[in-house]
Amino acid sequence: PGVPVKGVICTSPAPPSTLRKVIYECSSRRHFTEVGDGRNDLLATPAKCTHGQDGTHRLVRKLYAKQCGPSDEHQLVFGGDRIPGVRDDDYSVPEETERAVWAHATELFPAAIYDLVRGTLRAASDEAGAWAGLMPFSADGKPIVGELAPLGLPNLWMACGFGPSGVMEGPMAASL
């Protein structure tokens, strides 16, 4: 039912209002439309991952960027990698993945952000970083929502498998 997929985020300090909008790079959407979403039921690989089941073979690049507010010290956040086939306790960020996210970010953003990010990385690399979290994808790409009373757990409901949309779709599922 649920498949752990590692999502990788890179961060860099930045002055307030460096990036006023969330920015999405759309080559992955084009790839998933033209080539297919990568779902493989035999290997339990969920749809729309950036890497193959082995976690090392990159299928497509995906990137978004946003700036977090004062509580996050105005961090620029770059993310997009979705790596299947990981253990459910693996929060490591492979060095090659971190390099690939930074390379993609600096390639796509305007010169001012490029200089800011590159300068920050050169001047204060200890302030830039990367982290990973696990996103529970369902094998078929559909959320898993339902009451667990038939399993002997009355008054308990499950709402999971939303993948990268869980923060937005999870609360709506809970309200239903």
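Procedures and definitions
Residues numbered from 1 in each chain as written. Predicted model: local features only at pLDDT ≥ 70, side-chain atom pairs only at ≥ 80, totals over all residues. Heavy atoms only, no water. Helix = DSSP H or I, 4+ residues; strand = E, 2+ residues; numbered from the N terminus. Contact = heavy atoms within 4.5 Å. Pairing = 2+ DSSP bridges. Axes fitted to C-alpha atoms, helices over the stretch in contact; angles between N-to-C directions. Buried < 20%, exposed > 50% of the residue type's maximum accessible area, 1.4 Å probe, protein only. Polar contact = N/O pair within 3.5 Å; in protein donor to acceptor, adjacent residues only side chain to side chain. Salt bridge = Lys/Arg side-chain N within 4 Å of Asp/Glu carboxyl O.

> So what's going on with the environment of glycine 163? Residues and values would help.
Mapped onto the elements, glycine 163 comes out in the loop between strand 7 (157-160) and helix 4 (166-175). A C-alpha to C-alpha distance of 9.5 Å links glycine 163 and alanine 47, two positions 116 residues apart in sequence. Not counting residues within four places of it along the chain, the set of residues in contact with glycine 163 comprises Met135, Pro136 and Phe137.

> Could you give an account of the sheet that holds strand 5 (residues 129-138), with specific residues and numbers?
What the five strands build is an open sheet, ordered 2-3-4-1-5; its pairing is antiparallel. The open sheet has two edge strands with one neighbour each: strand 2 (23-25) and strand 5. Sheet twist, expressed as the mean angle between neighbouring strand axes with direction ignored, is 25°.

> Give a detailed account of the side chain of histidine 51, specifying residues and quantitative values.
Mapped onto the elements, histidine 51 comes out in the loop between helix 1 (27-34) and strand 3 (63-67). A relative accessible area of 3% means that histidine 51 is categorised as buried. A distance of 2.7 Å separates polar atoms of two side chains, one belonging to histidine 51 and the other to threonine 50. Apart from residues lying up to four places away in sequence, histidine 51 is in contact with Thr56, His57, Arg58, Leu59, Asp81, Arg82, Ile83 and Pro84.

> For the pattern of salt bridges, give the residues involved together with the corresponding values.
One pass over the full model with this rule turns up four salt bridges. Between aspartate 90 and lysine 6 there is a salt bridge, with its nearest N and O atoms 3.3 Å apart. Within this pair, whereas aspartate 90 is found in the loop between strand 4 (76-83) and helix 2 (95-108), its partner lysine 6 is found in strand 1 (residues 2-12), the two being separated by 84 residues in sequence. Note on lysine 6: relative accessible area 3%, which makes it buried.

> An account of unusual backbone geometry is needed here, citing residue identities and associated values.
In this model, lysine 48 sits at a positive phi of 65°, which is unusual for a non-glycine residue. Following the sequence through the fold, lysine 48 ends up in the loop between helix 1 and strand 3. For lysine 48, a relative accessible area of 42% corresponds to the partly exposed category. If you check the backbone angles, asparagine 155 has positive phi at about 65° while not being a glycine. Take asparagine 155: it is sitting in the loop between strand 6 (144-147) and strand 7. Given the relative accessible area of 71%, asparagine 155 is considered exposed.

Honestly, that's just the spatial picture; any functional story needs more than this.
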